[in-house]
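Survey of secondary and tertiary structure
Listed below are the residues making up each chain.
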Amino acid sequence: MVRIAPSMLSADFLHLEKDVEMVNSHADIFHLDIMDGVFVPNISYGFPVVEAIARKAEKPMDAHLMIVNPEKYIGRFAEAGAGMLSFHLNASDNPAGALEMVRSLGMQAGLAINPDIPVESLFPYLDECDFVLIMSVFAGFGGQKFIETTYSRIETVKAEIVRRGLQCLVEVDGGVSSSNSAGLIASGADILVAGSSIFKAADPAEEIRLMRA
Ligand code: DX5
Ligand code: ZN
(Lines give C-alpha, C1' and ligand atoms only; values in the text may rest on other atoms or scores of the structure.)
(Ligands and ions follow the chains in the order given, each with its own letter.)
Protein backbone atom coordinates (compact mmCIF):
# COMPACT_ATOMS: atom_id res chain seq x y z
CA MET A 1 0.00 0.00 0.00
CA VAL A 2 1.58 3.27 -1.14
CA ARG A 3 1.95 6.06 1.43
CA ILE A 4 1.21 9.67 0.53
CA ALA A 5 3.42 12.36 2.06
CA PRO A 6 2.20 15.91 1.39
CA SER A 7 5.07 18.40 1.29
CA MET A 8 4.17 21.16 3.75
CA LEU A 9 6.31 23.58 1.74
CA SER A 10 3.21 24.11 -0.41
CA ALA A 11 0.83 24.46 2.53
CA ASP A 12 -0.93 27.71 3.42
CA PHE A 13 1.27 29.06 6.21
CA LEU A 14 -1.39 31.56 7.24
CA HIS A 15 -3.79 28.68 7.85
CA LEU A 16 -1.39 25.88 8.68
CA GLU A 17 -3.71 24.13 11.11
CA LYS A 18 -6.26 23.58 8.36
CA ASP A 19 -3.64 21.91 6.16
CA VAL A 20 -2.28 19.84 9.06
CA GLU A 21 -5.80 18.56 9.71
CA MET A 22 -6.19 17.70 6.03
CA VAL A 23 -3.02 15.57 6.19
CA ASN A 24 -4.18 13.95 9.44
CA SER A 25 -7.47 13.00 7.79
CA HIS A 26 -6.40 11.97 4.29
CA ALA A 27 -2.65 11.33 4.02
CA ASP A 28 -0.01 9.24 5.78
CA ILE A 29 3.11 11.31 6.44
CA PHE A 30 4.05 14.99 6.92
CA HIS A 31 6.96 15.71 4.55
CA LEU A 32 8.99 18.64 5.90
CA ASP A 33 11.49 20.25 3.51
CA ILE A 34 14.35 21.89 5.37
CA MET A 35 16.56 24.13 3.19
CA ASP A 36 19.51 26.19 4.36
CA GLY A 37 20.27 28.39 1.36
CA VAL A 38 23.70 26.73 1.10
CA PHE A 39 23.16 23.11 0.06
CA VAL A 40 20.27 24.36 -2.10
CA PRO A 41 19.65 27.90 -3.40
CA ASN A 42 16.55 28.44 -1.29
CA ILE A 43 15.55 28.80 2.38
CA SER A 44 12.36 27.17 3.62
CA TYR A 45 11.48 27.06 7.30
CA GLY A 46 12.91 25.78 10.54
CA PHE A 47 12.13 24.57 14.03
CA PRO A 48 9.30 26.96 14.97
CA VAL A 49 7.24 25.62 12.05
CA VAL A 50 8.26 21.99 12.61
CA GLU A 51 7.33 22.27 16.31
CA ALA A 52 4.00 23.88 15.48
CA ILE A 53 3.12 21.06 13.08
CA ALA A 54 4.26 18.52 15.70
CA ARG A 55 1.69 19.83 18.17
CA LYS A 56 -1.18 18.84 15.84
CA ALA A 57 0.34 16.03 13.75
CA GLU A 58 -1.28 12.62 14.13
CA LYS A 59 0.87 11.11 11.37
CA PRO A 60 4.68 10.69 11.34
CA MET A 61 6.84 13.67 10.42
CA ASP A 62 9.46 13.07 7.72
CA ALA A 63 12.24 15.67 7.77
CA HIS A 64 13.99 16.02 4.40
CA LEU A 65 17.21 17.90 5.16
CA MET A 66 18.63 19.84 2.23
CA ILE A 67 21.38 21.33 4.36
CA VAL A 68 25.13 21.08 4.73
CA ASN A 69 26.44 19.28 7.85
CA PRO A 70 23.19 17.38 8.46
CA GLU A 71 24.82 15.61 11.44
CA LYS A 72 24.73 18.88 13.35
CA TYR A 73 20.90 18.97 13.40
CA ILE A 74 19.84 15.31 13.57
CA GLY A 75 19.39 15.53 17.35
CA ARG A 76 17.24 18.67 17.11
CA PHE A 77 14.88 16.99 14.65
CA ALA A 78 14.56 13.97 16.92
CA GLU A 79 13.65 16.32 19.80
CA ALA A 80 11.17 18.13 17.56
CA GLY A 81 9.38 14.83 17.01
CA ALA A 82 10.50 13.67 13.55
CA GLY A 83 9.88 9.97 12.99
CA MET A 84 11.78 9.84 9.70
CA LEU A 85 14.81 11.85 8.66
CA SER A 86 16.69 11.96 5.37
CA PHE A 87 19.73 13.93 4.28
CA HIS A 88 21.54 14.15 0.96
CA LEU A 89 24.35 11.70 0.26
CA ASN A 90 26.70 14.45 -0.93
CA ALA A 91 25.96 16.69 2.07
CA SER A 92 27.69 14.38 4.52
CA ASP A 93 31.34 13.37 4.95
CA ASN A 94 30.22 10.20 6.70
CA PRO A 95 26.81 9.04 5.42
CA ALA A 96 26.98 5.65 7.18
CA GLY A 97 27.73 7.35 10.51
CA ALA A 98 24.93 9.86 10.05
CA LEU A 99 22.42 7.12 9.17
CA GLU A 100 23.49 5.27 12.30
CA MET A 101 22.99 8.45 14.35
CA VAL A 102 19.47 8.89 12.95
CA ARG A 103 18.56 5.31 13.86
CA SER A 104 20.16 5.53 17.30
CA LEU A 105 17.78 8.41 18.08
CA GLY A 106 14.78 6.25 17.19
CA MET A 107 14.03 7.70 13.76
CA GLN A 108 13.85 5.93 10.42
CA ALA A 109 16.91 6.87 8.40
CA GLY A 110 16.86 7.90 4.77
CA LEU A 111 19.44 8.83 2.18
CA ALA A 112 18.46 11.28 -0.58
CA ILE A 113 19.95 11.90 -4.02
CA ASN A 114 19.35 14.49 -6.70
CA PRO A 115 18.59 13.40 -10.29
CA ASP A 116 22.22 13.82 -11.45
CA ILE A 117 23.66 11.35 -8.92
CA PRO A 118 23.81 7.69 -10.04
CA VAL A 119 21.40 5.55 -8.00
CA GLU A 120 24.20 3.01 -7.62
CA SER A 121 25.88 5.50 -5.23
CA LEU A 122 23.21 4.49 -2.71
CA PHE A 123 24.01 0.79 -2.85
CA PRO A 124 26.86 0.76 -0.27
CA TYR A 125 24.48 2.32 2.29
CA LEU A 126 21.26 0.38 1.72
CA ASP A 127 21.79 -1.86 4.77
CA GLU A 128 21.80 1.28 6.95
CA CYS A 129 18.74 2.85 5.29
CA ASP A 130 15.10 2.47 6.27
CA PHE A 131 14.28 4.37 3.08
CA VAL A 132 15.94 6.07 0.15
CA LEU A 133 14.66 9.36 -1.28
CA ILE A 134 14.92 9.55 -5.05
CA MET A 135 14.50 13.17 -6.14
CA SER A 136 12.47 13.54 -9.32
CA VAL A 137 13.38 17.25 -9.54
CA PHE A 138 16.52 19.05 -8.34
CA ALA A 139 16.09 19.77 -4.65
CA GLY A 140 15.38 23.38 -3.76
CA PHE A 141 11.93 24.40 -4.93
CA GLY A 142 8.38 23.12 -5.04
CA GLY A 143 6.38 23.23 -8.24
CA GLN A 144 9.04 21.97 -10.66
CA LYS A 145 8.47 19.64 -13.59
CA PHE A 146 8.86 15.90 -12.98
CA ILE A 147 11.98 14.37 -14.60
CA GLU A 148 11.03 11.28 -16.61
CA THR A 149 14.25 9.30 -16.00
CA THR A 150 13.00 8.83 -12.44
CA TYR A 151 11.01 5.70 -13.35
CA SER A 152 14.10 3.73 -14.37
CA ARG A 153 16.05 5.06 -11.38
CA ILE A 154 13.37 3.76 -9.04
CA GLU A 155 13.35 0.40 -10.84
CA THR A 156 17.13 0.11 -10.47
CA VAL A 157 17.24 0.82 -6.75
CA LYS A 158 14.15 -1.31 -6.07
CA ALA A 159 15.70 -4.27 -7.90
CA GLU A 160 18.81 -4.00 -5.73
CA ILE A 161 16.73 -3.79 -2.54
CA VAL A 162 14.76 -6.89 -3.56
CA ARG A 163 17.90 -8.75 -4.66
CA ARG A 164 19.47 -8.20 -1.23
CA GLY A 165 16.25 -8.96 0.63
CA LEU A 166 16.21 -5.58 2.39
CA GLN A 167 13.23 -3.80 3.97
CA CYS A 168 14.33 -0.38 2.67
CA LEU A 169 11.45 1.70 1.25
CA VAL A 170 11.66 3.92 -1.83
CA GLU A 171 10.38 7.49 -1.53
CA VAL A 172 10.05 9.74 -4.58
CA ASP A 173 9.89 13.53 -4.34
CA GLY A 174 9.26 16.30 -6.88
CA GLY A 175 6.59 16.95 -9.49
CA VAL A 176 4.50 14.00 -8.29
CA SER A 177 0.74 14.05 -8.91
CA SER A 178 -2.16 11.77 -9.77
CA SER A 179 -0.98 11.95 -13.40
CA ASN A 180 2.26 10.04 -12.72
CA SER A 181 1.56 8.23 -9.44
CA ALA A 182 0.47 4.95 -11.07
CA GLY A 183 3.72 4.71 -13.05
CA LEU A 184 5.79 5.52 -9.98
CA ILE A 185 4.04 2.86 -7.90
CA ALA A 186 4.50 0.35 -10.74
CA SER A 187 8.22 1.22 -10.84
CA GLY A 188 8.54 0.42 -7.13
CA ALA A 189 7.85 3.62 -5.19
CA ASP A 190 6.51 3.05 -1.67
CA ILE A 191 6.13 6.69 -0.55
CA LEU A 192 4.97 9.52 -2.82
CA VAL A 193 5.84 13.08 -1.76
CA ALA A 194 3.69 15.76 -3.36
CA GLY A 195 3.42 19.46 -2.62
CA SER A 196 1.83 21.60 -5.29
CA SER A 197 -0.36 18.90 -6.82
CA ILE A 198 -2.06 18.36 -3.45
CA PHE A 199 -2.18 21.84 -1.96
CA LYS A 200 -3.01 23.66 -5.20
CA ALA A 201 -5.79 21.18 -6.01
CA ALA A 202 -9.37 22.40 -5.66
CA ASP A 203 -9.94 19.28 -3.55
CA PRO A 204 -6.68 18.05 -1.91
CA ALA A 205 -8.37 14.97 -0.42
CA GLU A 206 -9.56 13.91 -3.87
CA GLU A 207 -6.07 14.41 -5.37
CA ILE A 208 -4.65 12.17 -2.61
CA ARG A 209 -7.34 9.57 -3.29
CA LEU A 210 -6.48 9.65 -7.03
CA MET A 211 -2.78 9.24 -6.24
CA ARG A 212 -3.51 6.04 -4.34
CA ALA A 213 -5.75 4.60 -7.05
C1 DX5 B 1 11.96 20.04 -3.36
C2 DX5 B 1 11.33 19.39 -2.16
C3 DX5 B 1 10.02 18.76 -2.44
C4 DX5 B 1 8.98 19.72 -2.94
C5 DX5 B 1 7.93 18.95 -3.67
O6 DX5 B 1 13.24 20.44 -3.04
O7 DX5 B 1 12.17 18.37 -1.66
O8 DX5 B 1 9.55 18.02 -1.33
O9 DX5 B 1 8.39 20.47 -1.93
O10 DX5 B 1 7.06 19.86 -4.23
P11 DX5 B 1 6.28 19.55 -5.58
O12 DX5 B 1 5.42 18.34 -5.33
O13 DX5 B 1 5.52 20.79 -5.80
O14 DX5 B 1 7.30 19.28 -6.64
ZN1 ZN C 1 11.30 17.02 -0.10
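See above for the structure.
Reference entry: report on the structure contained in this document.

Basis of the calculations
- Residues numbered from 1 in each chain as written.
- Chains lettered and ligands numbered in written order.
- Predicted model: local features only at pLDDT ≥ 70, side-chain atom pairs only at ≥ 80, totals over all residues.
- Heavy atoms only, no water.
- Salt bridge = Lys/Arg side-chain N within 4 Å of Asp/Glu carboxyl O.
- Helix = DSSP H or I, 4+ residues; strand = E, 2+ residues; numbered from the N terminus.
- Buried < 20%, exposed > 50% of the residue type's maximum accessible area, 1.4 Å probe, protein only.
- Near = heavy atom within 4 Å.
- Polar contact = N/O pair within 3.5 Å; in protein donor to acceptor, adjacent residues only side chain to side chain.
- Areas by Shrake-Rupley, 256 points an atom, 1.4 Å probe, with all protein chains shown as cover.
- Donors = N, O, S within 2.8 Å, 3.2 Å for Na, K, Ca; no water.
- Tetrahedral: all angles 85-135°; square planar, octahedral: opposite > 155°, others 65-115°.
- Pairing = 2+ DSSP bridges.

1. Examining the pattern of salt bridges
Enumeration according to the criterion identifies nine salt bridges in this entry. A salt bridge links Arg-163 to Glu-160; its shortest N-O distance comes to 3.0 Å. On the criterion of helical spacing, the pair formed by Arg-163 and Glu-160 is a turn pair, its members being three residues apart in helix α5 (residues 150-163). The exposure class of Glu-160 is buried, given its relative accessible area of 11%. Salt bridges sharing partners connect three or more residues here, namely Asp-127, Glu-160, Arg-163 and Arg-164.

2. A word on the site of ligand 1
Inspection of the region around ligand 1 gives 20 residues, with Asp-33, Gly-140, Asp-173, Gly-195 and Ser-196 positioned closest. One of the backbone N or O atoms of Gly-140 is found 2.7 Å from an oxygen atom in ligand 1. Here an oxygen atom of ligand 1 and a backbone polar atom of Gly-143 are 2.8 Å apart. Contact with the protein chains covers 100% of the free accessible surface of ligand 1, which is 380 Å².

3. What to know about the coordination of the zinc ion (ligand 2)
For the zinc ion (ligand 2), the full set of protein donor atoms is His-31 (NE2), Asp-33 (OD), His-64 (ND1) and Asp-173 (OD), and the range of their distances to it is 2.0 to 2.3 Å. Each of the six donor atoms around the zinc ion (ligand 2) contributes to a set of angles spanning 71 to 169 degrees, which defines the coordination as octahedral. Within one chain, the residues donating to the zinc ion (ligand 2) are spaced in sequence as H-x1-D-x30-H-x108-D. Here the residue His-31 occupies a position in strand β2 (residues 30-35), and His-64 occupies one in strand β3 (residues 61-66), the gap between them amounting to 33 residues. We note that His-31, like His-64, is buried.

4. Observations concerning the pairing of β2
Of all six residues making up β2, six are buried, and the element is well covered by its neighbours. Residue alternation in β2 divides its side chains into two sets, Phe-30, Leu-32 and Ile-34 and His-31, Asp-33 and Met-35, and both sets are buried. Relative to β3, β2 runs parallel, the two sharing six bridges. Along β3, the bridge assignment pairs Leu-32 with Ala-63.

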